[in-house]
Amino acid sequence: MASRKTSHSERNNGDKYSVLLPTYNERENLPLIVWLLVKYFGESGFNYEIIVIDDGSPDGTFEVAEQLQSIYGEDKILLRPRAKKLGLGTAYIHGMKHATGNFIIIMDADLSHHPKFIPEFIEKQKEGDYDMVSGTRYQGNGGVYGWDLRRKLISRGANFLTQVLLRPGASDLTGSFRLYKKNVLENLVERCVSKGYVFQMEMIVRARQLNYTIGEVPISFVDRVYGESKLGGNEIVSFVKGLLTLFATT
């Protein structure tokens, strides 16, 4: 037990990791993702906080978040709600204003991104002092589970197009499971103009333009357990328009 405590103290070298969890109608998923985050951060010994940014979910997500805060403590679970859906980029900006960590982790709250990969992200970042670390479904033993053929074709096709047109220097542009140095994320968010699914892609493209270093960790992406996917025809059209805009302007 003593050696484990020593190991943990060695890991806590002043770094703190703020996990941003934007939510909208995630009352079933939120308790599970928070429990997993607490579990894997606790086992690895890294200092952390979880910032829940709920955009006025009508299903009671915020009330569930309040219960989780009472269980795990206000020092670990921070609630920073907004009145309505205002977009992913502004959610990150809102969360960063309240983040006390020098590193920011962004991920989906719907259990598509498993917290077990976070210690690997952190070790990868330390290994090369990377400005950001991105989870990739398309390298090593990474993969996608629970998607039908249509979703897989859309994702592969989108990633292939972005690789050909933008040459970003990263294998997975449309994923949203990433670790950033806080100042790097602040700089990127200020420069990004895209919304929706294109936003994550633009973050990588802008990072390349600014010569930020990017590490990658293979991840298993699992389709959401509860709730419905937010990918629809409008999102696909917006993605293509955004891709062509980035191709023309970067």
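Rules of the game
- Residues numbered from 1 in each chain as written.
- Predicted model: local features only at pLDDT ≥ 70, side-chain atom pairs only at ≥ 80, totals over all residues.
- Heavy atoms only, no water.
- Helix = DSSP H or I, 4+ residues; strand = E, 2+ residues; numbered from the N terminus.
- Buried < 20%, exposed > 50% of the residue type's maximum accessible area, 1.4 Å probe, protein only.
- Contact = heavy atoms within 4.5 Å.
- Phe/Tyr/Trp six-rings, centres within 6.5 Å; stacked < 30°, edge-to-face > 60°.
- Lys NZ or Arg CZ within 6 Å of the ring centre and 35° of its normal.
- Polar contact = N/O pair within 3.5 Å; in protein donor to acceptor, adjacent residues only side chain to side chain.
- pLDDT = per-residue confidence, 0-100.
- Core = buried A, V, L, I, M, F, W, Y, C linked by side-chain atoms within 4.5 Å.
- Salt bridge = Lys/Arg side-chain N within 4 Å of Asp/Glu carboxyl O.

## Observations regarding the environment of Thr136
Looking at the secondary structure, you find Thr136 in strand β5 (residues 132-136). Note on Thr136: relative accessible area 1%, which makes it buried. Between the C-alpha atom of Thr136 and that of Phe177, which follows or precedes it by 41 residues, the distance is 8.4 Å. In this structure, Thr136 is in contact with Gly142, Ser171, Asp172, Glu216, Val217, Pro218 and Ile219, ignoring residues within four places of it in sequence.

## Some words on the packing of aromatic side chains
Within this structure, the stated rule accounts for 5 aromatic pairs. Centre to centre, the rings of Tyr17 and Phe46 are 5.8 Å apart; their planes meet at 75°, and the pair counts as edge-to-face. Residue Tyr17 is located in strand β1 (residues 16-23), and its partner Phe46 is located in the loop between α2 (30-44) and β2 (47-54); the two are separated by 29 residues in the primary sequence. A single burial state applies to Tyr17 and to Phe46, both of which are buried. Here the aromatic cluster, defined as three or more aromatic residues joined through ring pairs, consists of Tyr17, Phe46 and Phe103. The ring of Tyr40 is capped by Lys39, whose NZ or CZ atom sits 5.3 Å from the centre of that ring. If you follow Arg137 out to its NZ or CZ, it ends over the ring of Phe221, 5.6 Å from the centre.

## Re the side chain of Ser134
With respect to the helices, strands and loops of the structure, Ser134 is situated in strand β5. Polar side-chain contacts of Ser134 include one of 3.5 Å to the side chain of Arg178. Residues contacting Ser134, with those up to four places away along its chain left out, are Phe121, Asp172, Phe177, Arg178, Gly215, Glu216 and Val217.

## Quick look at the confidence of the model for the chain
As a general rule, the predicted coordinates of low-pLDDT regions are not to be interpreted in detail. When pLDDT is averaged along the chain, the result is 84; 80% of the residues meet or exceed 70. Here residues 1-7 is modelled with pLDDT under 50, and outside its nearest four sequence neighbours on either side it reaches 1 contact, counting other chains as well.

## Section: the nonpolar core
Counting residues in each nonpolar core, the largest one holds 34 residues, and the members touching the most others are Leu21, Val34, Leu37, Phe41 and Ile50. Of all elements in the fold, only β1, α2, β2, α3 (61-72), β3 (77-79), β4 (103-106) and α5 (118-128) reach the threshold of two or more residues within this core. Looking at this core, the element that brings in the most residues is α2, giving 7 residues. Within the second largest apolar cluster, 28 residues are counted, among which are Leu78, Leu173, Leu185 and Val205.

## So, the pattern of salt bridges
Under the definition given, this model contains 9 salt bridges. For Asp15, the salt bridge identified is with Lys126, shortest N-O distance 2.9 Å. With Asp15 in the loop between α1 (2-11) and β1 and Lys126 in helix α5, this residue pair connects regions lying 111 residues apart in the sequence. For the salt bridge of Glu49 with Lys16, the shortest nitrogen-to-oxygen distance reads 3.5 Å. Separated by 33 residues along the polypeptide, Glu49 in strand β2 and Lys16 in strand β1 bring together distant segments of the chain. Each member of the pair, Glu49 as well as Lys16, is classed as buried. Salt bridges sharing partners connect three or more residues here, namely Asp129, Asp131 and Lys181.

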